[in-house]
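# An overview of the molecular structure
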Amino acid sequence: MSEDRRIKTALVSVYHKEGLDEIITKLNEEGVEFLSTGGTRQFIESLGFPCQAVEDLTTYPSILGGRVKTMHPKVFGGILCRRGLEQDMQQIQKYDIPEIDLVIVDLYPFEATVASGASDEEIIEKIDIGGISLIRAAAKNYNDVIIVASQAQYQPLLDMLMEHGATSSLEERRWMAKEAFAVSSHYDTAIFNYFDAGEGSAFRAAENNQKALRYGENPHQKASFYGNLEEMFDQIHGKEISYNNLLDIAAAIDLIDEFDDLTFAVLKHNNACGLASRATVAEAWRDALAGDPVSAFGGVLITNGIIDKEAAEEIHKIFFEVIIAPDYDVDALEILGQKKNRIILVRKDHKLPKRQFRSLLNGVLAQEKDLDIETAADLKTVTRKEPTRQEVDDMLFANKIVKNSKSNAIVLAKDKQLLASGVGQTSRVDALKQAIDKARSFGFDLQGSVMASDAFFPFPDCVEIARQAGVTAVIQPGGSIKDSLSFEYCDEHGMAMVTTGIRHFKH
């Protein structure tokens, strides 16, 4: 028996009708008969084509305010009957059930209704029952039936019809079924998460729009991104974004969102290697680059200011992978676009999820995103010496950077400029020594600088090393049972120390 199937009857019941007219017209040219309900039937008839009402087939009207329209044996029998099974064919003949070979259906916009802030009653009414049942039935019987489960599949169906008329192959039907189950699982995930209301009683996540990447963290690893990057960025120049680019871009977004002042940051391997807040983008760039001009090579650049020609001329002098900004002047783009592979992204105003998750062992770790941003009001001075206003500003600045650095992390800063950081160390002492050595190697004077730590100091060793390097004020979470040792050391040597009460580990 041939695996090709001829479409003779199509059941069409959709919420979104844009783009449907071409499909209906082509199906009519191929001699396909239509079954439909309500507004979709009126739409088909408005195109000048005959269409049988589902109510006429079932002899039951749409009832319960439209909640029950298509759920009837004469509909589902026509979809689920197995054409190659004699018993099924005998039964549909006995009960006068027509074969339905194509189902075009989409679902009520549940997610959009939730996002609109609608009432609970309105949201519940947007939980589709008949549509989801039709999708599952047609997809299950893909051996004989084609299912189009969303507007996104209109074009693939039209391409198929244009290529070989109202006939489908088993391969095409199975592909459509796979897409249909993706639609239904995504829909059910959204409904569950609405009812779960953030309790986390079970883990459900569904993302569409798979984007195959060149490779993963390393060339021998396959990788994909699931989601719609176009909601976040317009890529106006450059090569395809890689897996590692995406990791750095995500880290860059998290970091820059900490700052209200005009700020420029340079990242490498998810950590800031340069960052400064200044009056202009060009000034911020120059001082950010000064923090580590070596590591900036091949890095990811981000700013919350519009990049002008002056800044672009300076930025263009080095090699980097990605640049992200809310906008660019035209003459700045002409300069930055001279390197064909350079990825230039315009960031859009798009809200990010407030929860994070990652696969781990045989399960998933999930947590709230660390969205706390400490202000001067959150600081507790634990030493006799009060920090100056400048030191407070610098400590808050440094604290935002250390929060977004891999633990163990130490950040040294002065005048809202990252002087150096030590990141990803197994010892906090090693992280501090790394930062000091790095700052000195690039000619920074650490006298009057501040130090930020992502965790408390159980011993005064780091504070002592920092004081000897020139640090005059320290910000740390506090919380160690031996906090007093560091406090006392600062008092003995005229240093200021503040605690935030919030630890910012990052792995």
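Above this text sits the structure in question.
In what follows, the accompanying structure is described. (Residues numbered from 1 in each chain as written. Predicted model: local features only at pLDDT ≥ 70, side-chain atom pairs only at ≥ 80, totals over all residues. Heavy atoms only, no water.)

### Quick look at empty space enclosed by the protein
What counts is decided by this rule: In this analysis a 1.4 Å probe is tested at points of a 1 Å grid over the protein atoms alone, and where it fits but cannot get out there is a cavity; an open set with protein on both sides within 12 Å along at least five of seven lines is a pocket; lining residues have an atom within 4 Å of a point. Grid points are joined across faces, edges and corners, and a volume is the space filled by probe spheres set on the points. Each residue receives one of three labels: charged for Asp, Glu, Lys and Arg, nonpolar for Ala, Val, Leu, Ile, Met, Phe, Trp, Tyr, Cys and Pro, and polar for the others, Gly being one of them.
Tallied over the full model, the rule gives one cavity of 30 Å³ or more. If you go around the largest cavity, the residues you meet are E258, I373, E374, L396, N399, K400 and K403. When its residues are assigned to classes, the lining of the largest cavity shows two nonpolar, one polar and four charged.

### Structural notes on the layout of surface pockets
What counts is decided by this rule: Put simply, DSSP H or I for four residues or longer makes a helix, DSSP E for two residues or longer makes a strand, and each gets a number counted from the N terminus.
The space that makes up the second largest pocket amounts to roughly 500 Å³. Lining of the second largest pocket is provided by 27 residues; of these, G66, K69, Y108, D128 and G131 occupy positions nearest its centre. Of all elements in the fold, only α2 (38–46), α7 (120–125) and α8 (130–140) reach the threshold of two or more residues within the lining of the second largest pocket. Counted by class, the lining of the second largest pocket contains nine nonpolar, eleven polar and seven charged residues.

### As for the side chain of S453
Note the cut-off: Under the scheme applied here, a residue whose accessible area is under 20% of the maximum for its type counts as buried, over 50% as exposed, and between as partly exposed, the area being computed with a 1.4 Å probe on protein chains only. Polar contact is defined as a pair of N or O atoms within 3.5 Å, subject to the rule that within protein one atom must be able to donate a hydrogen and the other to accept it, and that residues adjacent in sequence are counted only when both atoms are side-chain atoms. We call two residues in contact when some of their heavy atoms are within 4.5 Å.
In this structure, S453 sits in strand β21 (residues 449–453). According to the relative accessible area criterion, S453 is buried, its value standing at 1%. Engagement of the side chain of S453 in a polar contact is seen with the side chain of R428, the distance being 3.2 Å. Those residues in contact with S453, other than ones at most four positions away along the chain, are V402, A409, I410, R428, I475, Q476 and P477.

### Concerning a nonpolar patch on the surface
Our working rule: Nonpolar side chains (Val, Leu, Ile, Met, Phe, Trp, Tyr) are joined into patches within 5 Å and like charges within 9 Å, using only residues with over 30% relative accessible area and no salt bridge. For every accessible area listed, the method is Shrake-Rupley and the probe measures 1.4 Å; residues are considered covered only by the protein chains on display. Criterion for a salt bridge: a side-chain nitrogen of Lys or Arg within 4 Å of a carboxyl oxygen of Asp or Glu.
A surface patch of nonpolar side chains, amounting to about 290 Å² of accessible area, comprises F203, F357 and V364. When you line up the elements, V364 lands in strand β17 (residues 363–368).

### Re the sheet that holds strand β6 (residues 146–148)
Put simply, the rule reads: Two strands qualify as a pair provided that DSSP identifies no fewer than 2 bridges between them.
Taking strand neighbours across the sheet as the criterion, the five strands line up as β4-β3-β2-β5-β6 in an open arrangement whose pairing is parallel. The sheet is open, and its two borders are formed by β4 (52–53) and β6, each paired with just one other strand. For strand β2 (residues 9–13) and strand β5 (residues 102–105), the ladder comprises four bridges, and the chain directions are parallel. Within β5, the position partnered with S13 by the bridge is V105.

### Some points on the side chain of S480
Following the sequence through the fold, S480 ends up in the loop between β22 (471–476) and α18 (483–492). In this structure the side chain of S480 is engaged in a polar contact, spanning 3.0 Å, whose partner is the backbone nitrogen of K482. For S480, the contacting residues outside a window of four places in its chain are F456, F457 and P458.

### Considering the packing of aromatic side chains
Worth spelling out the cut-off: Working definition: a ring pair exists when centres of Phe, Tyr or Trp rings (six-membered ring for Trp) sit within 6.5 Å. Plane angles under 30 degrees give stacked, over 60 give edge-to-face, the rest tilted. To sit over a ring, a charge needs its Lys NZ or Arg CZ within 6 Å of the ring centre and within 35 degrees of the ring normal.
Counting across every chain of the model gives eight aromatic pairs. Each member of the aromatic cluster is reached from another via a ring pair, and the members are F110, Y187, Y194 and F195. Just above the ring of F192 sits the side chain of R204; from NZ or CZ to the centre is 5.6 Å.

### Description of unusual backbone geometry
Excluding glycine, a negative phi dihedral is what most residues carry, and trans is how most peptide bonds are arranged. Cis peptide bonds are those with omega within 30 degrees of zero, and the linkage from S407 to N408 qualifies with -15 degrees. Take N408: it is sitting in the loop between α15 (389–403) and β19 (410–414). Positive phi outside glycine occurs at N209, with the angle close to 55 degrees. With respect to the element layout, N209 can be found in the loop between α10 (170–196) and β8 (210–212). By relative accessible area, which is 49% here, N209 ends up partly exposed. Even without being a glycine, L361 presents a positive backbone phi close to 50 degrees. If you trace the backbone, L361 turns up in the loop between β16 (355–360) and β17.

### Points about the pairing of β16
Of the strand pairs in this sheet, β16 and β17 are connected by six bridges, and their pairing is antiparallel. Along β17, the bridge assignment pairs R358 with L365. What sits between the antiparallel neighbours β16 and β17 is a turn of two residues, in which L361 has the positive phi angle 50 degrees.

### Structural notes on the nonpolar core
Test applied: Residues belong to a common nonpolar core when they are buried Ala, Val, Leu, Ile, Met, Phe, Trp, Tyr or Cys residues joined through side-chain atoms within 4.5 Å.
Core analysis: the biggest nonpolar cluster contains 54 residues, and I104 and I147 have the highest contact counts within it. What I104 contacts, discounting residues up to four positions off in sequence, is L11, V12, S13, V14, L20, I23, L27, V148, Y154 and L157. Among the nonpolar cores identified, the runner-up in size contains 43 residues, and A251, I324, V402 and V498 belong to it.

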